Amino acid sequence: MAALALGGFWLGTRAVSLASVGQPVPSHAGLPWVVVGPGDTLWTIADAVSPADDATAVADEIMRLNGLRSSLIRPGTKLYIPSDR
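A brief report on the enclosed structure follows. The structure displayed is predicted, hence computed values, not measured ones.

### As for the overall build of the protein
- Counting its secondary structure elements, the protein contains three helices and two strands.
- For the protein, the sequential pattern of α-helices and β-strands runs α-β-α-α-β.
- Per-residue burial for the protein yields a buried fraction of 24% across its 85 residues.
- Taking the intrachain contacts of the protein between residues at least 6 apart in sequence as the baseline, contacts between residues at least 24 apart amount to 59%.

Spelled out as structure tokens, the structure:
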């Protein structure tokens, strides 16, 4: 029974140490942000914040900054935008 408990404890500590390894989260300190409105898409936001740049490239950067896995965004969501925009 003690060996089983120690094995479970070891696996638990191993899982915590593995969970802490991952992609570094970008710092959002000082970055401007927008709140998604009804009908907004990443591309309309990208075009609004940086009309002179390629909207797809800016949308990709917004996705990266916010850790988005898809382009689906919902009204009311706060999105950080690149500071050079």
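There's plenty left to go through after this.
### So, the nonpolar core
- If you look at the biggest cluster of nonpolar residues, it comprises 13 residues, and the most contacted ones within it are Leu 42, Ile 45, Ala 46, Ile 62, Ile 73 and Leu 79.
- Top element by residues in this core is helix α3 (residues 55-66). It accounts for five residues.
- Setting aside its immediate chain neighbours within four residues, Ile 73 contacts Val 36, Asp 40, Thr 41, Leu 42, Ile 45, Leu 68 and Leu 79.

### Topic: the side chain of Ser 50
- Tracing the backbone through its elements, the reader meets Ser 50 in the loop between α2 (42-49) and α3.
- Residue classification places Ser 50 among the buried positions, given a relative accessible area of 6%.

### Describing the pattern of salt bridges
- All told, the structure shown has one salt bridge when counted by the stated rule.
- Residues Glu 61 and Arg 64 are paired through a salt bridge, measuring 2.9 Å at the closest nitrogen-oxygen approach. On the criterion of helical spacing, the pair formed by Glu 61 and Arg 64 is a turn pair, its members being three residues apart in helix α3.
- For Glu 61, a relative accessible area of 25% gives the class partly exposed.

### Remarks on the environment of Ile 81
- Turning to its location among the elements, Ile 81 is positioned in the segment after β2 (78-80).
- With 20 residues separating them along the chain, Ile 81 and Glu 61 place their C-alpha atoms 7.7 Å apart.
- If near-sequence neighbours (up to four positions away) are discounted, Ile 81 is found in contact with Leu 31, Pro 32, Trp 33, Val 34, Val 49, Ile 62 and Leu 65.

The rules behind these values
- Residues numbered from 1 in each chain as written.
- Predicted model: local features only at pLDDT ≥ 70, side-chain atom pairs only at ≥ 80, totals over all residues.
- Heavy atoms only, no water.
- Helix = DSSP H or I, 4+ residues; strand = E, 2+ residues; numbered from the N terminus.
- Buried < 20%, exposed > 50% of the residue type's maximum accessible area, 1.4 Å probe, protein only.
- Contact = heavy atoms within 4.5 Å.
- Core = buried A, V, L, I, M, F, W, Y, C linked by side-chain atoms within 4.5 Å.
- Salt bridge = Lys/Arg side-chain N within 4 Å of Asp/Glu carboxyl O.

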